[in-house]
Amino acid sequence: MLTFDDVTVVYNNVSGQAKTAIDGISLRIRPGEFVTIMGANGSGKTTFARLCNGLIFSTSGSVCVDDVAVRPDDPKAILEIRRRVGMVFQNPDHQFVSTTVEREIAFGLENLGMEREVMRARVAEMLARFDLESARMKAPHQLSGGQKQRLAIASVLVMQPRYLIFDEPAAVLDMRHRRALMQAMLDLFHHASTNTPHTLINITQHPEEALFSNRLIVLHQGKIALDGPPEKLLLQEDPLARFDIRPPVEFSAFIRLKKNKFPLTSVDELFLSPIL
Ligand SMILES: Nc1ncnc2c1ncn2[C@@H]1O[C@H](COP(=O)(O)OP(=O)(O)OP(=O)(O)O)[C@@H](O)[C@H]1O
Ligand SMILES: [Mg+2]
């Protein structure tokens, strides 16, 4: 379980001004949850993600990953937290440490002292899933933007961390690879219900991605503005607009048709209704 208790983060920028990026957030994210986080630019999404794996620390309040507190004065605990919480960023360039794509994916597994055969199979699966087989022997810096992002994702996923946080990783991906990434998230999520529970957090600007998850949290000026089932929240056009979020197209259509008194009770009926 990921636990935030009255967490505040204040940044001091170069001009000496204090900026509250996270403002008194309390929440629980349970094992097996798939959470989408949305919110306007500067609402605190990345700060939230960085708090979860000890890249930054709260100014006040506490963050815990399972039974381990995320605190700056306990380096051993931070290492443990980094192992449990995998993170994929928007810009992967600074994440690479190896000379080839294949070695980059294997890097974390080698550090765990994993058996060669198992390791090879896992790396091959990732190369195939993220369409990196032809780039296997290339240096990470030779890759295109999209390939780099896929490599960053593969290198984190291969470790099978208990918590996975994606901070807008799809921003540089094309439609096909965005779909592959969503599929990878769903595979992990469904695998989770039968096996070790994985917890997924996907920070995104694409509301349709929220429909794949079972909880949507909207941040606004460092606070939780909305928190609930995505299929319910995405029907509330007015509050969403305030937070710079537009519902997916079928939700907009549903809202519009309801306003015009069409006898629909759910978005799914849009695809079934003989009257349309
Ligand atoms: N290192 C920093 N120093 C000072 N202020 C910062 C720092 N990092 C973030 N901020 C400020 O904190 C607020 C929250 O930033 P954060 O990056 O968490 O937002 P975000 O929701 O991820 O935004 P985006 O949609 O642009 O990725 C913003 O006002 C930002 O300018
Ligand atoms: Mg961000």
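In this text the structure is predicted, and so the values were computed from the model without any measurement.

Draft legend 1. How the structure looks around the environment of Gly 54. With respect to the helices and strands, the residue Gly 54 is situated in the loop between helix H1 (45-52) and strand S4 (60-65). Measuring from C-alpha to C-alpha, the distance between Gly 54 and Ile 78 comes to 6.2 Å, with 24 residues separating the pair along the chain. When near neighbours in sequence (up to four residues on either side) are disregarded, Gly 54 contacts Val 70, Ile 78 and Arg 82.

Draft legend 2. Broad picture of the state of the cysteines. Applying the stated rule across the entire model yields 0 disulfides. Not part of a disulfide, Cys 52 finds its nearest cysteine sulfur in Cys 64, a span of 11 Å.

Draft legend 3. Spotlight on the packing of aromatic side chains. Scanning the model with the defined rule gives 1 aromatic pair in all. On the numbers, 4.8 Å between centres and 20 degrees between planes, the contact of Phe 4 with Phe 48 is stacked. Residue Phe 4 is found in strand S1 (residues 2-12), and its partner Phe 48 is found in helix H1; the two are separated by 44 residues along the sequence. The burial state of Phe 4 is the same as that of Phe 48; both residues are buried.

Draft legend 4. Representation of H1. With 6 of its 8 residues buried, H1 lies for the most part within the structure. Along H1, the residues classified as buried are Lys 45, Thr 47, Phe 48, Ala 49, Leu 51 and Cys 52. One or two residues past the end of H1 sits Gly 54, with phi positive at roughly 75 degrees.

Draft legend 5. The pairing of S4, seen in detail. By the bridge criterion, 5 bridges tie S1 to S4 in an arrangement that is antiparallel. Across the sheet, the residue bridging to Asp 5 is Ser 62, located in S4. Bridging between S4 and strand S5 (residues 68-69) involves 2 bridges; their strand directions are antiparallel. From the neighbouring strand, Cys 64 faces S5, where its bridge partner is Ala 69. Following S4, the chain reverses through 2 residues before pairing antiparallel with S5; Asp 66 in that reversal takes a positive phi of roughly 55 degrees.

Draft legend 6. Layout of the domain arrangement of the protein. Domain annotation for the protein reports domain 1 (2-94 + 160-241) and domain 2 (246-276). Taken together, the 8 residues of domain 1 in the interface contact 10 residues of domain 2. Overall, the association of domain 1 and domain 2 removes approximately 740 Å² of surface from exposure, summing both partners, and the carbon and sulfur fraction of that is 71%. If you sort the residues of domain 1 by the area they bury against domain 2, Leu 234, Leu 235 and Glu 237 come out on top, with a joint share of 62%. In this assembly, domain 1 and domain 2 are joined by 0 salt bridges. Seen at the junction of domain 1 and domain 2, the total is 0 residue pairs in polar contact (both at pLDDT 80 or more). Counting only elements with at least two residues in the side of domain 1 that touches domain 2, the list comes to helix H7 (207-210) and helix H9 (237-242).

Draft legend 7. Spatial organisation of unusual backbone geometry. Within the chain, Asp 6 stands out as a residue other than glycine whose phi angle is a positive 50 degrees. A positive phi is found at Lys 261, a non-glycine position, where the angle reads about 65 degrees. Looking at the secondary structure, you find Lys 261 in the segment after helix H10 (249-259). Owing to a relative accessible area of 73%, Lys 261 belongs among the exposed residues under this scheme.

Draft legend 8. Seen up close, the nonpolar core. Ranked by internal contacts, the top residues of the largest apolar core, which has 34 residues, are Val 101, Ile 105, Phe 130, Leu 157 and Phe 166. At the level of secondary structure, the elements contributing two or more residues to this core comprise helix H3 (101-111), helix H4 (116-129), helix H5 (145-157), strand S7 (163-167) and helix H6 (175-194). With 7 residues, H6 is the single largest residue contributor to this core. Leaving out residues up to four positions away in the same chain, Val 101 has contacts with Leu 127, Leu 132, Ala 135, Arg 136, Lys 138, Pro 140, Leu 143 and Leu 151. If you look at the next biggest cluster of nonpolar residues, it comprises 30 residues, including Ile 37, Val 65, Ile 165 and Leu 219.

Conventions and cut-offs
Every chain begins its residue count from 1, and numbering advances along the sequence as written. All chains are assigned letters beginning with A, and all ligands numbers beginning with 1, in the order in which they are written. At least 70 in pLDDT is required for a residue's local features to be given in this predicted model, at least 80 for side-chain atom pairs to be given and counted, and no such filter applies to totals for whole chains, interfaces and linings, which use all residues. Side-chain metrics rest on all non-hydrogen atoms present in the structure, leaving aside hydrogens and water. By definition, any uninterrupted DSSP run of H or I lasting at least four residues is a helix, any uninterrupted run of E lasting at least two residues is a strand, and each is numbered from the N terminus. We call two residues in contact whenever any of their non-hydrogen atoms come within 4.5 Å of each other. The criterion for a disulfide is a pair of cysteine sulfur atoms lying within 2.5 Å. Geometry of aromatic contacts follows a simple scheme: Phe, Tyr and Trp rings, the Trp one being its six-membered ring, pair when their centres are within 6.5 Å, and the pair is stacked under 30 degrees between planes, edge-to-face over 60, tilted otherwise. Partly exposed describes any residue whose relative accessible area lies between the buried limit of under 20% and the exposed limit of over 50%, with all areas from a 1.4 Å probe on protein chains only and scaled to the type maximum. For two strands to be treated as a pair, DSSP must find at least two bridges joining them. What fixes the domain bounds is an automatic or database domain assignment. Using a 1.4 Å probe, buried area is obtained as the accessible area two parts lose upon being combined, added over both of them. Only one rule defines a salt bridge in this text: a Lys or Arg side-chain nitrogen within 4 Å of an Asp or Glu carboxyl oxygen. Whenever a nitrogen or oxygen atom comes within 3.5 Å of another N or O atom, the pair is scored as a polar contact, on the condition that within protein one atom can donate a hydrogen and the other can accept it, and that pairs from neighbouring residues in sequence are kept only if both atoms are in side chains. Think of a nonpolar core as a cluster: buried Ala, Val, Leu, Ile, Met, Phe, Trp, Tyr and Cys residues, connected wherever their side-chain atoms sit within 4.5 Å.

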